[in-house]
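Descriptive analysis of the structure
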Amino acid sequence: MRITGEIRVPGDKSISHRAFMLGALAHGTTLVRGALESLDVLSTIKALTAMGARIEKKGDEWHVTGGGLHEPESVIDAGNSGTTARLLSGICASIPGVTVMTGDSSLIKRPMARVIRPLTGMGASFLARQGRFLPMAVRGGGLHGISFSLEVASAQVKSALLLAGLKAEGTTTVTEPSLSRDHTERMLKHFGARVDRQGASVTIHGPQEISAREVSVPSDPSSAAFPAVLAAAVPGSKLLLKDVCLNPTRTGFIPVLERMGARIALQNIHDDSGEPVGDILVEGCGLRGTTIGGDEVPRLIDEIPILAVAACFAEGTTVISDASELRVKETDRIGALVKGFASLGAQVEERPDGLIIEGPLNPKAGSVQTFSDHRIAMSFFILSRIAGIEVNLDDTQCVDISFPGFFSLMEGCL
Ligand code: S3P
């Protein structure tokens, strides 16, 4: 088996959420092309509609008419989407009135104190289950700017504060220990806002009005990482991934795969709607182990499950560290990976902040529990295809959270 050809994975999830949110905050009608139409993004669209945005699909384009958001009539359900819950808290904090928000059985267990604390410092008030979980109620309006240093690099928290800061009186500055994805900063600028970066800090001066724009959403590098690993792990493969977002805060998996021995070329690089975009050509050779940690982790945090699969086929040791944030994603992804590998007869060492994988592992056919986590499901599907073994997944529907059409697109490459 060799993986060859050319594919385009669906639109970027992070950029799609932000395009709808900024479109809903902006005056006028924003046109969004190439948006990801996955369950997570639909949660954002439904929430913004309940808050007064008009969001309609016309042909291939979404039209978002915003500028007059208000408190919703009933409870907002963010579903499985941490990005919806956390970014929207920043928007709700700036709107006079009360918003009540909840989510599915995974989201209600994920930490919200990281947004509650700084948004409270800006003047919003929260009532949350145990003070830190959904469901929670936000009373918004009358915000003032603050300076806040994040303990953990998080684009969701940074973005919540920037979106609140857009409408707050005065200056809001967010400082991160290492740079997380910067789509919010880029898109705010694209919509005409003034945002300044100085080293690890980003500042927005409020209150500001933004106006409608056109946004083209590139393909999601986090989705492209699945076929990229499939091609990288199968010697003789040559796969072209078209129109992928090449924002350097997202492409940390590319140098990792190169260190592991894959040949990767970036082609046709250009700018679109404030984001670098291009094609990724992946050629598979034998893989070797590598070390993943430190500042590169925020640039590949969502790709660690599929990189762990690559490590399972690599010669030698792969050490993944500084990734304890994986424990509070859609599921505890470190635990889910260790259990998943073990169900296939492959032992890996679990660390509080990562994994040690002594490859190659030679996994055997078996059943894997996905914990209804889209990236765990897709990672073990790719593992099954590289190894040429049957892997039974307890939930395949969950891939619709970020990558509708995943199975048929991947089967088409085989
Ligand atoms: C996202 C930020 C990351 C990432 C998530 C999407 C975003 O989460 O894991 O899938 O769109 O801002 P954190 O901000 O919690 O690191």
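Cut-offs applied
- Residues numbered from 1 in each chain as written.
- Predicted model: local features only at pLDDT ≥ 70, side-chain atom pairs only at ≥ 80, totals over all residues.
- Heavy atoms only, no water.
- Pairing = 2+ DSSP bridges.
- Helix = DSSP H or I, 4+ residues; strand = E, 2+ residues; numbered from the N terminus.
- Axes fitted to C-alpha atoms, helices over the stretch in contact; angles between N-to-C directions.
- Near = heavy atom within 4 Å.
- Polar contact = N/O pair within 3.5 Å; in protein donor to acceptor, adjacent residues only side chain to side chain.
- Areas by Shrake-Rupley, 256 points an atom, 1.4 Å probe, with all protein chains shown as cover.
- Domains from an automatic or database assignment.
- Core = buried A, V, L, I, M, F, W, Y, C linked by side-chain atoms within 4.5 Å.
- Buried < 20%, exposed > 50% of the residue type's maximum accessible area, 1.4 Å probe, protein only.
- Contact = heavy atoms within 4.5 Å.
- Salt bridge = Lys/Arg side-chain N within 4 Å of Asp/Glu carboxyl O.
- Parallel < 35°, antiparallel > 145°, perpendicular 65-115°, else oblique.
- Left-handed = near helix turned anticlockwise from the far one by under 90°.
- Nonpolar A, V, L, I, M, F, W, Y, C, P; charged D, E, K, R; others polar.

**Quick word on the sheet that holds strand S12 (residues 201-206)**
Spatially, four strands are ordered S9-S10-S12-S11 in an open sheet, and the strand pairing comes out mixed. Looking along the sheet, the strands with just one partner apiece sit at the ends: strand S9 (147-149) and strand S11 (195-198). The mean angle between the axes of side-by-side strands here comes to 15 degrees, regardless of whether they run parallel or antiparallel. Pairing analysis gives three bridges linking S9 to strand S10 (residues 170-175), with the strands arranged parallel.

**Overview of the site of the ligand**
Around the ligand, the neighbouring residues are Ser14, Arg18, Thr83, Arg86, Ser154, Ala155, Gln156, Arg181, Ile301, Asp302 and Lys329. Alanine 155 has a polar backbone atom sitting 3.0 Å from an oxygen atom of the ligand. Within the side chain of aspartate 302, a nitrogen or oxygen atom sits 2.7 Å from an oxygen atom of the ligand. Here the ligand loses 95% of its free accessible area of 380 Å² to cover by the protein chains. Every element with two or more residues in the shell around the ligand is listed here: helix H1 (13-25), helix H3 (82-94) and helix H5 (155-167). Here the shell around the ligand spans two domains, since at least three of its residues come from each of domain 1 (13-203) and domain 2 (218-411).

**Side note on the nonpolar core**
As a rule of thumb, nonpolar side chains are buried together in soluble globular proteins. Counting 72 residues, the largest nonpolar core has Leu257, Phe341 and Phe380 as the members making the most contacts within it. Ranked by the residues each element gives to this core, the list is headed by helix H7 (residues 221-233), at nine residues. When sequence neighbours within four positions are dropped, the list of residues in contact with leucine 257 reads Ala228, Val229, Ala232, Ala262, Ile264, Leu307 and Ala310.

**A few points about the pairing of strand S3 (residues 54-58)**
As paired strands, S3 and strand S4 (residues 61-66) are joined by five bridges and run antiparallel to one another. Directly across from lysine 58, in S4, lies its bridge partner glutamate 61.

**A word on the pattern of salt bridges**
Overall, the coordinates contain 30 salt bridges when judged by the stated rule. Here lysine 158 ties to glutamate 185 by a salt bridge, and the two come within 2.9 Å at their closest N and O atoms. In this pair, lysine 158 sits in helix H5 while glutamate 185 sits in helix H6 (residues 183-190), placing the two residues 27 residues apart along the sequence. In this structure, lysine 158 and glutamate 185 share a single accessibility class: buried. Each of the salt bridges in this network shares a partner with another, and the network as a whole consists of Arg110, Arg181, Asp302, Glu330, Arg333, Asp373 and Arg375.

**Regarding the packing of H1 against H6**
The relative placement of two packed helices is expressed as an angle between their axes plus a distance between the axes. One can describe the packing of H1 onto H6 by two numbers: an axis separation of 10 Å at closest approach and a directional angle of 40 degrees. It follows that H1 is oblique to H6 by the angle criterion. In terms of crossing hand, the pair formed by H1 and H6 is right-handed. Every residue of H6 that contacts H1 at Ser14, Ile15, Arg18, Ala19 and Leu22 is listed here: His183, Thr184, Met187 and Leu188. Residue composition of the contact of H1 with H6, grouped by class: five nonpolar, three polar and one charged.

**What about unusual backbone geometry?**
Geometrically, the link from glycine 206 to proline 207 is a cis peptide bond, its omega value of -10 degrees lying close to zero. Relative to the assigned elements, proline 207 resides in the loop between S12 and strand S13 (214-216). The omega torsion of the bond from glycine 359 to proline 360 falls at -5 degrees, within 30 degrees of zero and hence cis. Relative to the assigned elements, proline 360 resides in the loop between strand S20 (354-359) and strand S21 (366-368). If you check the backbone angles, asparagine 362 has positive phi at about 50 degrees while not being a glycine. Counting through the fold element by element, asparagine 362 comes out in the loop between S20 and S21. You can call asparagine 362 exposed: its relative accessible area is 52%.

**Things to note about the environment of glycine 388**
For glycine 388, the position within the fold is in the loop between helix H11 (374-387) and strand S22 (391-393). Relative accessible area serves as the criterion here: at 65%, glycine 388 is assigned to the exposed category. Separated by 144 residues in sequence, glycine 388 and valine 244 have C-alpha atoms that sit 28 Å apart.

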